[in-house]
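Structural overview
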Amino acid sequence: MGRAVSECLASEGARVAVLARGQEALEATAASCRELGSPDVVALSVDVGDRVAVERAFAQLDERWGELNVLVHTVGPGAGRLEELTDDDWDTAWRVGTMAAVHCARAAIPLLRRAEWARIVTLAAHSIQRQNPMLISYTASKAALTSVTKNLAKSLAADGILVNTVSPGTIVTASFTEGLRPVLEAAGLDPADPHDVMRWIEQVYHQPADLGRAGRPEEVAALVAFLASRRNGYVTGANVNVDGGSDFV
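In short, a report on the structure. What you see is a predicted model; the values in this text were computed from it and never measured.

Below, the discussion takes up the overall build of the protein. Looking only at helices and strands, the protein has eight helices and six strands in total. Traced from its N-terminal end to its C-terminal end, the protein shows the element sequence α-β-α-β-α-β-α-β-α-β-α-α-α-β. Relative to the globule expectation of 18 Å for 249 residues, the C-alpha radius of gyration of the protein, 18 Å, shows essentially globular dimensions. Dimensions of the protein along its principal axes, counting C-alpha atoms only, are 50 × 40 × 35 Å. Buried residues in the protein amount to 47% of all 249 residues. Considering only intrachain contacts with a sequence separation of at least 6, the fraction spanning at least 24 residues in the protein is 71%. Carbon together with sulfur atoms contributes 51% to the accessible area of the protein, which is approximately 12100 Å² in total.

Under the defined criterion, the tally for this structure stands at 12 salt bridges. Ionic contacts of the salt-bridge type, sharing partners, join the residues Glu178, Arg181 and Glu185 into one network.

Here four strands make up an open sheet; going across it, the order is S3-S4-S5-S6 and the pairing parallel. Because the sheet does not close on itself, it has two edges, and the strands there are strand S3 (70-73) and strand S6 (239-242). Taking the axes of each pair of neighbouring strands and ignoring which way they run, one obtains an average angle of 20° across the sheet. Of the strand pairs in this sheet, strand S4 (residues 118-123) and strand S5 (residues 161-168) are connected by six bridges, and their pairing is parallel. The residue of S5 that forms the bridge with Ala118 is Ile161. Each of S4, S5 and S6 touches helix H5 (residues 136-155); the most contacted strand, S5, lies at about 160° to it.

Bringing helix H7 (residues 194-205) into the picture now. Relative to the 16 Å expected for 12 residues at 1.5 Å per residue, H7 spans 16 Å between its end C-alpha atoms, a close match to the ideal helical length. Burial in H7 covers these residues: Pro194, Asp196, Val197, Met198, Trp200 and Ile201. Here the buried face of H7 lies against helix H6 (174-186). Residue Asp193 occupies the N-cap position of H7, its side-chain oxygen lying 2.8 Å from the main-chain nitrogen of His195.

As defined by bridge partners, strand S1 (residues 16-20) adjoins strand S2 (residues 41-45) across five bridges and the pair is classed as parallel. Paired with Val18 across the bridge in S2 is Ala43. Traced from S1 through helix H2 (residues 23-35) to S2, the parallel crossover comes out right-handed.

On to the side chain of Asn232. Looking at the element boundaries, Asn232 is found in the loop between helix H8 (217-227) and S6. For Asn232, a relative accessible area of 1% gives the class buried. If near-sequence neighbours (up to four positions away) are discounted, Asn232 is found in contact with Arg119, Leu162, Asn164, Phe226 and Leu227.

Overall, the coordinates contain one cavity of 30 Å³ or more when judged by the stated rule. Approximately 50 Å³ is the volume attributed to the largest cavity. The wall of the largest cavity is formed by Leu71, His73, Ala101, Val102, Ala105, Ile120, Thr122, Leu145, Val148, Thr149 and Leu152. Per-element tally for the lining of the largest cavity: the top contributor is H5, with four residues. The residue makeup of the lining of the largest cavity, split by class, is eight nonpolar, three polar and no charged.

The contact between helix H1 (residues 2-11) and H2 brings their axes to 8 Å, and the two run at 20°. As summarised for this structure, H1 and H2 are arranged roughly parallel, according to the angle between their axes. Of the two elements, H1 crosses H2, and the hand of that crossing is right-handed. Where H1 approaches H2, its residues Arg3, Ser6, Glu7 and Ala10 are matched on the opposing element by Ala28, Thr29, Ser32 and Cys33. Among the residues forming the contact of H1 with H2, the class breakdown is three nonpolar, three polar and two charged.

Cut-off values and rules
- Along each chain, residue indices are assigned from 1 in the same order as the chain's sequence is written.
- At least 70 in pLDDT is required for a residue's local features to be given in this predicted model, at least 80 for side-chain atom pairs to be given and counted, and no such filter applies to totals for whole chains, interfaces and linings, which use all residues.
- With hydrogens and water stripped out, all remaining heavy atoms of the structure feed into the side-chain values.
- The helix count covers DSSP runs of H or I at least four residues long, the strand count covers runs of E at least two residues long, and both are numbered beginning at the N terminus.
- The globule rule used for comparison is 2.2 Å times the number of residues to the exponent 0.38, while the radius of gyration itself is calculated over C-alpha atoms.
- Exposed residues in this analysis have more than 50% of their type's maximum accessible area, buried residues have under 20%, and partly exposed residues fall in between, with area computed by a 1.4 Å probe over protein chains only.
- Residue contacts follow a heavy-atom distance rule, with two residues in contact if any of their heavy atoms lie within 4.5 Å.
- Calculation of accessible area relied on Shrake-Rupley with a 1.4 Å probe; when residues are assessed, cover is drawn exclusively from the protein chains displayed.
- Salt bridges are defined by distance alone: a side-chain nitrogen of Lys or Arg within 4 Å of a carboxyl oxygen of Asp or Glu.
- Being paired, for any two strands, means DSSP has found at least two bridges between them.
- Lines fitted to the C-alpha atoms define the axes, with helices restricted to the stretch that makes contact. Angles between their N-to-C directions range from 0 to 180 degrees.
- Here the expected span of a helix is defined as 1.5 Å times the quantity of residues minus one.
- Polar contact is the term for a pair of N or O atoms within 3.5 Å; when the atoms are in protein, one must be able to donate a hydrogen and the other to accept it, and sequence-neighboring residues count only if both atoms are side-chain atoms.
- Handedness is read with the strands pointing away from the viewer; a crossover is right-handed when the path from the first strand over the helix to the second is clockwise.
- A 1.4 Å probe that fits into a set of points on a 1 Å grid over the protein atoms alone but cannot get out defines a cavity; an open set with protein on both sides within 12 Å along at least five of seven lines defines a pocket, and lining residues are those with an atom within 4 Å of a point.
- Grid points are joined across faces, edges and corners, and a volume is the space filled by probe spheres set on the points.
- The nonpolar class holds Ala, Val, Leu, Ile, Met, Phe, Trp, Tyr, Cys and Pro. Asp, Glu, Lys and Arg form the charged class, and all remaining residues, Gly among them, are polar.
- By the definition adopted for this analysis, an angle is roughly parallel if under 35 degrees, roughly antiparallel if over 145, roughly perpendicular if from 65 to 115, and oblique otherwise.
- Crossing handedness follows the turn of the near helix against the far one: under a right angle anticlockwise gives a left-handed crossing, and clockwise gives a right-handed one.

Written out as structure tokens, the structure is:
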């Protein structure tokens with residue numbers, strides 16, 4: 001979803017900085033953003049769970065641009081049931097799912113305050129509203145992130161910085177497809193087909209989306225791009241579902 005958001009913003013003419021660990025994925029995303037029309041693309045290999053590495057990356061952006069209009073945080077931890085997770089796994093979930101966003105926000109806010117206008121968007125998950133036993137640490141970290149984001153909306157309102165959370169439902173990302181390929185193919189389903197994915201969700205978890213299919217990354221990206229833009233002038237402190245009607249809380 002991070003790539004989809006980057007590409008959506010690039011197609012609207014934004015300068016884009018992409019932070020991720022994998023060099024190959026970074027380079028592919030940067031190349032795609034350039035092709036889509038971004039006037040300036042920066043790709044930085046960073047472990048966002050590492051505070052020092054994050055501060056170093058944002059110092060580079062400060063030197064290059066001097067300000068930021070938008071921070072979008074899409075990183076999330078892995079899955080697992082309670083009995084499968086060690087204390088180290090929980091520490092990792094907290095570091096990746098919550099503290100990584102704290103690191104990025106703390107480093108970005110001085111640059112956001114310098115800009116004429118600024119927005120922050122974080123990605124949580126609809127599992128914070130509808131629990132899934134496979135996502136206990138993931139969901140806990142995303143619930144904490146949602147709380148942090150809501151607080152930032154209050155804290156930064158005086159600066160005119162709008163801050164929101166987007167909670168995707170089941171989205172057919174590359175990692176989702178590859179992670180569940182053996183399971184879905186064993187059931188005779190295509191892990192890249194949104195309709196087949198939702199059939200599996202209904203069979204296993206009994207929580208189907210009303211639209212009858214899973215979502216695509218670009219559908220999440222379109223909403224993120226709106227919330228991150230100047231077109232959004234009055235939405236802040238919200239948690240917006242992108243879940244095909246799975247949950248209307």
